[in-house]
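Structure assessment
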Amino acid sequence: MKDRQIEKLIKKEKEHSKNVINLIASENYVSSDVLTALGSILTNKYAEGYPGARYYGGNVIIDEIENLCKKRALEVFGLSRDKWAVNVQPLSGSPANVAVYLALVPIGSPSTGLEVGKIMGMTLAHGGHLTHGHKVSITGKFWRQIPYGVSKETETLDFNELGEIAKKEKPNIIVAGFTAYPRLIDFKKFRELADSVGAYLMVDMSHFAGLVAGGVYPSPFEYADIVTTTTHKTLRGPRSAMIFSKIDGRLLPAKIDKAVFPGIQGGPHINQIAAVAVALKEVSKSDFKRYAKQIVKNANILAMELARLGWRIISGGTDTHLILVDTWNGGVGIGGKEASEKLEKAGIIVNKNTIPFDTRTPVDPSGIRIGTAGETTRRKKEKDMIKIAHKIDFVLRT
Ligand code: DSN
């Protein structure tokens, strides 16, 4: 590389990441093949449009790449191409979610006479994502969020409460799938909820997509109308996203395609799409199933050991890669900000996180969020998790 400054910084970051225990729940480590595709000459090509219908010439090979990525995306989730379509162009998770609302939820306007559409999504404070309608996100400015949370007693979803909210508010779309919710989601109940008010059901499986593909988390496809996902968390691909839509006569795939391009994006990043295709091929191997299983095993052991050491685990445990720890009420009375900073100094990277019914602020919340996908890629097993739990305990108590 001729640019010595950037080369040096990349090297430094590589060294740094090698030397820490990375427990950021939304991060992972891609293969060198994924990096090769990302850094390839495919970044040079403009390909606005879709395979077979581009606005620029010279896209014959690019079409093959995008079609291959779509084929692999359907295959890894066991979907047949006459029942599901997939758009692999979203640049990341937030634009993917925005595209879905743009396609399916009315933007209120005096000229159309349409009222502002409603997105029923989990509030950020209980584990939802910004793009599930939070007021600081474009999704809460163009549309209205109908927030829901978890039950105070169990810190898990309460479908009676969700039913009452949906009945009262009649949302256009209901979003299931969260950013900081460690438990299994009952997609059948969400389907019934959506049907009871005539809403679309969108599942944002960004966090647990790799667990679905690996067969250790229930698949949302039997119940959802739309499934969005990023590709860089448990799915272990490059930073990107996909939108799956059901083919059932409501023209969902055409609406989604139009919303992605030209609705909110221009030319797709073909190098990124090729890298997603590479990652999906890796996901289809039997190794990946073992990997997904180990992620959940590791998270369980880590949660159990932290609990044994006296830390309060939100909802009492985890069914996924993700653990929420109440460091304020459950440990030694340390806020999430201080906890994450102390851990970082000791070489353990986590993020501070609000917990349900948090009495502190999002910038200095009551908890930390931990995930095991990255360290499981680095071949960490149960015994390593026990050591990590003890290290976390020691750092936070001293
Ligand atoms: N920032 C991602 C996460 O950490 O879950 C979601 O956008």
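Everything below is about the structure shown above.
Okay, so let's go over this structure.

Cut-offs applied
Residues numbered from 1 in each chain as written. Predicted model: local features only at pLDDT ≥ 70, side-chain atom pairs only at ≥ 80, totals over all residues. Heavy atoms only, no water. Pairing = 2+ DSSP bridges. Helix = DSSP H or I, 4+ residues; strand = E, 2+ residues; numbered from the N terminus. Contact = heavy atoms within 4.5 Å. Axes fitted to C-alpha atoms, helices over the stretch in contact; angles between N-to-C directions. Core = buried A, V, L, I, M, F, W, Y, C linked by side-chain atoms within 4.5 Å. Buried < 20%, exposed > 50% of the residue type's maximum accessible area, 1.4 Å probe, protein only. Near = heavy atom within 4 Å. Polar contact = N/O pair within 3.5 Å; in protein donor to acceptor, adjacent residues only side chain to side chain. Parallel < 35°, antiparallel > 145°, perpendicular 65-115°, else oblique. Left-handed = near helix turned anticlockwise from the far one by under 90°. Nonpolar A, V, L, I, M, F, W, Y, C, P; charged D, E, K, R; others polar. Arc of directions from axis to C-beta. Salt bridge = Lys/Arg side-chain N within 4 Å of Asp/Glu carboxyl O. Phe/Tyr/Trp six-rings, centres within 6.5 Å; stacked < 30°, edge-to-face > 60°.

**Considering the sheet that holds strand 11 (residues 312-313)**
Ordered in space as 11-12-15-14, the 4 strands form an open sheet in which the pairing is antiparallel. Two strands in the sheet have a free side with no partner beyond their single neighbour: strand 11 and strand 14 (351-353). Relative to strand 12 (residues 322-326), strand 11 is paired through 2 bridges, and the arrangement is antiparallel. Its bridge partner being in strand 12, Arg312 is matched across the sheet by Asp326. Relative to the sheet, helix 12 (residues 336-345) contacts strand 14 and strand 15 (367-371), its axis offset from that of strand 15 by approximately 45°.

**Let's talk about the nonpolar core**
Among the nonpolar cores identified, the biggest contains 67 residues, and Phe77, Ile185, Phe190, Met205, Met242 and Phe244 are the most heavily contacted of them. At 9 residues, the largest contribution of residues to this core is made by helix 10 (residues 270-283). Dropping the residues within four chain positions of it, Ile185 is found in contact with Leu157, Ala176, Gly177, Phe178, Phe190, Phe208, Tyr217 and Pro218. If you look at the next biggest cluster of nonpolar residues, it comprises 24 residues, including Ile21, Ile334, Met385 and Leu396.

**Here we look at the sheet that holds strand 7 (residues 173-176)**
Here we have 7 strands laid out as an open sheet, ordered 4-10-9-8-7-5-6, and mixed in their pairing. Whereas interior strands pair on both sides, the edge strands pair on one side only; in this sheet they are strand 4 (84-87) and strand 6 (144-148). Pairs of neighbouring strands in the sheet enclose a mean axial angle of 20°, with direction left out of account. In this fold helix 4 (residues 93-104) packs onto strand 5 (118-122), strand 7, strand 8 (200-204), strand 9 (226-230) and strand 10 (241-246), with an angle of close to 160° to the strand it touches most, strand 9. Against the sheet, helix 9 (residues 252-264) makes contact with strand 4, strand 8, strand 9 and strand 10, and its axis sits at roughly 150° relative to strand 10, the strand it touches most.

**Section: the site of the ligand**
Every residue close to the ligand is listed here: Ser26, His129, Thr179, His207 and Arg369. In this structure, an oxygen atom belonging to the ligand sits 2.7 Å away from a side-chain N or O atom of His129. At 2.7 Å, a side-chain N or O of Arg369 approaches an oxygen atom of the ligand.

**A few points about the packing of helix 4 against helix 9**
At a minimum axis distance of 8 Å, the contact between helix 4 and helix 9 shows a crossing angle of 120°. The pairing of helix 4 with helix 9 is recorded here as oblique in orientation. The interaxial crossing formed by helix 4 with helix 9 has right-handed handedness. For the pair helix 4 and helix 9, contact is made by Pro95, Val98, Ala99, Val100, Leu102, Ala103 and Leu104 and by Leu252, Lys255, Ile256, Ala259, Val260, Gly263 and Ile264, respectively. Residues that form the contact of helix 4 with helix 9 fall into these classes: 12 nonpolar, 1 polar and 1 charged.

**As for helix 7 (residues 187-197)**
Turning to helix 7, its buried residues are Phe187, Phe190, Arg191, Leu193, Ala194 and Val197. Seen from one end, helix 7 has its buried residues packed into an arc of 160°, which puts them on one side. Along helix 7, exposed side chains directed more than 90 degrees from the buried face belong to Asp195 and Ser196. On the buried face of helix 7, the contacting elements are strand 5, strand 6, helix 6 (159-169), strand 7 and strand 8. A side-chain oxygen of the first residue of helix 7 lies 3.2 Å from the backbone nitrogen of Lys188; this N-cap is Asp186. Once helix 7 finishes, Gly198 follows within two positions and takes phi at roughly 65°, a positive value.

**Some points on the pattern of salt bridges**
Within this structure, the stated rule accounts for 26 salt bridges. One salt bridge connects Glu305 with Arg308, and the closest N-O pair in it is separated by 2.7 Å. On the criterion of helical spacing, the pair formed by Glu305 and Arg308 is a turn pair, its members being 3 residues apart in helix 11 (residues 286-308). Two residues, Glu375 and Arg378, come together in a salt bridge whose shortest N-O distance is 2.8 Å. Because the salt bridges share partners, they merge into one network encompassing Arg191, Asp195, Asp225, Asp248 and Arg250.

**Topic: the side chain of Asn351**
Position of Asn351 among the secondary structure elements: in strand 14. Among the polar contacts listed, one links the side chain of Asn351 to the side chain of Asn353, at a separation of 3.1 Å. In this view, Asn351 contacts Ile24, Gly367, Ile368 and Arg369; residues no more than four positions away in its chain are not counted.

**Observations regarding the packing of aromatic side chains**
Applying the stated criterion to the full structure yields 15 aromatic pairs. When the centroid spacing of 5.5 Å and the interplanar angle of 80° are considered together, the rings of Phe77 and Phe244 count as edge-to-face. Placement of the pair is Phe77 in the loop between helix 3 (60-76) and strand 4 and Phe244 in strand 10, with a sequence separation of 167 residues. For the residue pair Phe77 and Phe244, the accessibility class agrees, reading buried in each case.

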